Structures are given as structure tokens and as C-alpha cells.
Amino acid sequence: GQLSEKGEYKNGKKEGPWVSNREDGKPYENGEYNNGQKEGPWVWYERDGSLGEKGEYKNGKKEGIWISYDENNRLRFEFNYKNGVMTDSKIFSLK
């Protein structure tokens, strides 16, 4: 489907807060850009609008702990990133 995005550009690059929605209006992702690169906390949503994944970017690369949720908003996976490279992961039981 088609995504709609809202945000600003500075010198031709994405800058500041950006929000993307699916064609049905439900959220897809949101976070901030700095000089065209994702920076700071970002959140992704599932098709039903529930929280899917969240984590942080530093200089456009995943950094620190990223958490993924199941359709019941329970912890599904935890990934640890250093400079964009996954260094550790945990899988949680969905019982």
C-alpha cells in the first residue's frame, strides 16, 4: 500500500520529526531525522495500529536495545545493536 509522510526538509534532506501513515490512515512509523539520517527514538506499528517495534538510531544506524512486540502487545524479541550491527538477541516465549 501507499504511505503518506509528513515532515520537513532542510537543504534537501529530511529534518526533524517525521510521521508515516498507511493508506488507511493508521500509523506506520514515526521518529526524527537529523541531516537526512534517522536519529533518536523511532517507533513502528503493525497494520492494526498496535505497537510493533521501537528502538533508537544514532547517526542513521540502529543503536542500543530494540524491542519487538506481538499482536497482544507482549514482548516478542529484544535485539541489541552497536553502530548498526546486532550484537545480541533474546526471544521471549509467547505463552
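A brief look at the structure comes next. (Residues numbered from 1 in each chain as written. Predicted model: local features only at pLDDT ≥ 70, side-chain atom pairs only at ≥ 80, totals over all residues. Heavy atoms only, no water.)

What follows covers unusual backbone geometry. Notably, Asn11 is not glycine yet its phi reads approximately 55°, a positive angle. Within the secondary structure, Asn11 sits in the loop between strand 1 (4-10) and strand 2 (13-21). Phi angles above zero are rare outside glycine, and Asn73 is one such case at about 65°. Secondary-structure assignment places Asn73 in the loop between strand 6 (61-69) and strand 7 (75-82). Judged by relative accessible area, which is 46%, Asn73 ranks as partly exposed. (Helix = DSSP H or I, 4+ residues; strand = E, 2+ residues; numbered from the N terminus. Buried < 20%, exposed > 50% of the residue type's maximum accessible area, 1.4 Å probe, protein only.)

Moving on: the sheet that holds strand 5 (residues 51-58). In space, the 8 strands of this open sheet follow the order 1-2-3-4-5-6-7-8, with antiparallel pairing throughout. Bordering the open sheet on either side are strand 1 and strand 8 (85-91), each of which pairs with just one other strand. In this sheet, neighbouring strand axes are inclined to one another by 10° on average, regardless of whether the strands run parallel or antiparallel. Judged from the 6 bridges that link them, strand 4 (residues 37-45) and strand 5 form a sheet pairing that is antiparallel. Bridge pairing links Val43 to Lys54 in strand 5. (Pairing = 2+ DSSP bridges. Axes fitted to C-alpha atoms, helices over the stretch in contact; angles between N-to-C directions.)

Attention shifts here to the side chain of Glu29. Looking at the element boundaries, Glu29 is found in strand 3 (residues 27-34). Note on Glu29: relative accessible area 9%, which makes it buried. Only 2.6 Å separates the side chain of Glu29 from the side chain of Trp44, close enough to count as a polar contact. With sequence-adjacent residues up to four places away left out, Glu29 is seen in contact with Trp18, Val19, Ser20, Lys38, Trp42, Val43, Trp44 and Tyr45. (Polar contact = N/O pair within 3.5 Å; in protein donor to acceptor, adjacent residues only side chain to side chain. Contact = heavy atoms within 4.5 Å.)

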